[in-house]
Amino acid sequence: MITPFREAAAQIANAYVEDRVSSGEQTVGYTCSFMPPEIFHAAGILPYRIRGIETESMEIGDAYYGPYVCTFPKCLLQLAGQGKYSFLSGAVISTGCDAMRRLDECWRKAAEDYPDALPEFFHYFDVPHKTDPHAMSWFKDEIRRLIAAVSSHYGVTITDDNLKSAIACYNRGRELLLELEALRAAEDMVISGTDAFAVAVAGTVMPRQRFNEHLEALLNELRTAAPEPADGRKRILVTGSINDDMDLVRLIEETGAIVVADSICFGIRSAADMVSTDGDPVDALAERYLSNSVCPRMFGAYDQRFATLREKAERTGTEGVILQNIRFCDMHGSENSLIENDFEAMGIACLKLEREYGPLTETGRMKMRIEAFLERIS
Amino acid sequence: MRPEIYQYNFDWMLWRAIQAAGKLADGSEKETEKMLRYIPYFRKTAEVFIGMGKPGITYLKLIEKYLDNIVTAHEKGKKIVMTTFCFSPSIFYAMDIVPVTLEVMTVIGSALWKRGTTDYMDYCVELGFTETSCSSQRGSLGAYLAGLGEDIDLIVTNTAGVCDTNANAFAFTQKYLDKPFYSLNYPAGLTDNPTNQYHRDDFRALIEFLESHTGTTLDQDRLRAVLDETAKQEAIVAEIEELQRLVPNPLPVTFNFIIYGGRFFFAGMPEYTELLSDMAEVVKDNAQNGRSGITSGNEKKRAFFFYIDHYTLSLSLWDWLDRHGISHIGSILSRSFKDDQPYMKGMEDVAYSIDTTDLDTMIDSIAMINSRMPMVRSIRGPYDRPNMWGEESLALARIYQADCLIYNGTPGCRNTWSNVKLLAGDLEKAGYPTHVMYGDAFDERVESWEATAARLEEFFTIRGLL
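One numbering rule holds for all chains: residues counted from 1, following each sequence as written. Each chain is given a letter, starting from A, and each ligand a number, starting from 1, according to the order in which they appear as written. Residues qualify for local features only when their pLDDT is at least 70, as the model is predicted, and side-chain atom pairs are given and counted only at 80 or more; totals for whole chains, interfaces and linings, by contrast, use all residues. Think of the side-chain values as coming from all heavy atoms in the structure, minus any hydrogens and water.

Undergrad: In this structure, what is going on with the sheet that holds strand β4 (residues 181–185) of chain B? I would like to understand it.
TA: Whether parallel or antiparallel, the strands of a sheet pair through hydrogen bonds between backbone atoms. Residue and element names in this part refer to chain B. Between any two strands, at least two bridges found by DSSP are needed for them to pair. Under the scheme used here, helices are H or I runs from DSSP no shorter than 4 residues and strands are E runs no shorter than 2 residues, and both carry numbers assigned from the N terminus. An order of β2-β1-β3-β4 is seen for the four strands of this open sheet, with the pairing classed as parallel. Strands with a single pairing partner mark the edges of an open sheet, and in this sheet they are β2 (98–101) and β4. For this sheet, the mean inter-axis angle between neighbouring strands, taken without regard to orientation, is 25°. Examined bridge by bridge, strand β3 (residues 154–160) and β4 share four bridges and lie parallel to one another. Axis lines are fitted through C-alpha atoms, for helices just across the contact stretch, and the angle between N-to-C directions can take any value from 0 to 180 degrees.

Undergrad: How do you make sense of the environment of B:I50 when you look at a structure like this?
TA: Residue and element names in this part refer to chain B. Turning to its location among the elements, I50 is positioned in helix α3 (residues 43–51). The class for I50 is partly exposed, based on a relative accessible area of 21%. C-alpha separation for the pair I50 and L60, spaced ten residues apart in sequence, amounts to 9.1 Å. Should any heavy atoms of two residues lie within 4.5 Å, those residues are considered in contact. Beyond its immediate sequence surroundings of up to four residues, I50 is in contact with L24, A25, T32 and I57. With a 1.4 Å probe rolled over the protein chains alone, any residue whose accessible area is under 20% of its type maximum counts as buried; one over 50% counts as exposed, and the rest are partly exposed.

Undergrad: What is the right way to read unusual backbone geometry from this model?
TA: What you tend to see is this: most non-glycine residues have negative phi, and most peptide bonds are trans. All names here are of chain B. The omega angle of the peptide bond from V247 to P248 is 0°, so this bond is cis rather than trans. Within the fold, P248 resides in the loop between α11 (220–243) and α12 (255–266). The phi dihedral of M375 is positive, around 75°, even though this residue is not glycine. Topologically, M375 is positioned in the loop between α15 (359–371) and α16 (389–399). Look at M375 and you get buried, because its relative accessible area is 5%.

Undergrad: Even after reading the chapter, I still don't get the packing of aromatic side chains, so can you show me in this structure?
TA: Aromatic ring pairs are defined here through the distance separating the ring centres and the angle between the ring planes. All names here are of chain B. A pair of Phe, Tyr and Trp rings is counted when the ring centres sit within 6.5 Å of each other, with Trp represented by its six-membered ring. The angle between the planes then sorts it: under 30 degrees is stacked, over 60 is edge-to-face, the rest tilted. Applying the stated criterion to the full structure yields 46 aromatic pairs over all chains. With a centroid separation of 6.0 Å and 90° between ring planes, the pair formed by Y66 and F266 is classed as edge-to-face. Linking Y66 in helix α4 (residues 54–72) with F266 in helix α12, this pair joins segments that are 200 residues apart in sequence. Take Y66 and F266: they sit in the same class, and that class is buried. Our definition puts a charge over a ring when NZ of Lys or CZ of Arg is within 6 Å of the ring centre and also within 35 degrees of the ring normal. The cationic tip of R16 hangs over the ring face of W15; the distance from NZ or CZ to the ring centre is 5.4 Å. Seen from the ring of Y400, R335 lies directly overhead, with NZ or CZ sitting 3.9 Å from the centre.

Structure (structure tokens):
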């Protein structure tokens, strides 16, 4: 039952996307976990988290972005310019970080040189960096502005009932992911970290209803599966910069570790945060997506983030933490040092690993460092 | 960090050096000449200021006062706030809080010491900053993180939504030093009603934060005095910058630097008004006599820096421009966007106004001033939206009759490095030769000044500008 997830996570134009294209249904891409996909689900549109896998060169990304910029948005631009995202009828660019928000201009400008690279619906979604009441009010307005833009462009009506139904569907997915997270942390291995990560990634690019159905089936299978002995493999938590690439988790596990937990954008970072099903659904979405401060883009909320990480590490019996950051990702890079200090003070060893996003061109170097780290904690 | 660096407090060293520099011109010419021999590295920088006459000396004394305020703040029972250059210090002065503005402290150290502030930059990396984080904060922040400066009482920044690396540096410091922290956060818009309301709400929350962490109450009369002084200052700046439109430009090349530097140090305080008055006299005299501010008197070209300047020992950028007859007609840091500035015609929406009718209007005014500070004003939203970086750069280039535009920043600037190629392309299409500098405004190890100068030379030559 893991196959649908592996397949969906392994390619950009997955089978669900292809189906929608052939049936004339809409798919809209988005770039940040602070954008509520429930809005698109409620409109009958597939929300698709835009990814950077399958990048093989960077001439388009490098042509529009400057040199001192993280490779993740460059990969997204590269793929957009190459037409890999031609199945998207829309895209929402959020203010996740400076490099990601500038994808708005870079994509639009690239489309002047690469015809058809730009989806018809192209929306800038401005997310506050804090949770004060006035910031929350701004975020609610942004959500309403997005709903209005989607409704207008696609000629759909997004009612409160549609939104509540979407929220219920996404919350169900979160409950299932939480169960998966618990199984992943079992003493003996029920599911590998690589597969668990694939499930989480697939959840961002599959229709949610289908995702829930597949995940229920997978969990049924895992509940009764015979666990594979851990054989002394070290229990690792991975956190830091954005990652949607299974190969990174696989690389860690192939060196003799089990990734028992993650706190990564695209991973199972905040499944525990349900959207309230009471009251105004826009208010509920805003409260959930802004309040959990899961990313260092929420300045000044380090303690909240570390408390979540510590709880995760303690619950899963983490023996080592890998703190990875993409070069030029200053927010995760610097915060990783704070996390390292705090975990080391708790007696949990850490490895800080700077890398480039994209095809794992640095596999040898990273493998060597991870092996050395595992030796250290053995 | 090298052990010897630990021996002296960063802010104290700056203070004593600038204090001595400010007194250099007090003696006879012969005495000054003798003294300069004892400061071989700082000599050229000191000579630039002394050579400027009264405005230069006033500027050194103003910096000295700024540093004196910092090193004596706690003795005087005042709180110290760590803040950023794009945050107007006026509100702090209105509440008797002493600002330590990281970037201006980095600039002083960079212009003063042969080694610049690189030891402090690297110390931040030792503590866990990425080496790619912006050098403008790291150059002085490292000293404060190492305990080599006055203790910081609270941290206030306003770059969330504008500059991640800046906001991140302050957020890191909040955790590392365990200090109270407030960050204003700017939306992508600038002039729409919800954004204006948001600016007001956020600033009121900031005032509550300041009051609760300093035990100071915002005094209406004091705030009014600061705003009245700000209005007076901006009227003088308007006069100076209007004359900058003349060909030849009567402003000496360093005057833009002094105008914005003074604003970052002492906006709303009489010290800055005095400096501006001294500068206005020089500029008016040059203008009346049709004289260029360039030392040779021969203005060959006019350059607009559409981001920031380059701050290294000996103020090499300005020296290079002056020697080549290139007039510096401003940067993103230069202009305040007050409603009565002549260049605001056609950009009225972007302007701020000062209304001292009552406390509410004054808080609204100061919130507006802050939202129009450099960088937070025009690189918050997509660069090609109305009033943003592209439109503003082109408008100012036209008004001040630029012959070319130049980008200079730091490799730490994720924001502008993500779209500067696009903007440079637009500027070229609009007919302006545009040069992108790849060095670091605060750290010559990235690219030596000599290499930067060679590239500037190449640009001006190849594009037929010189």
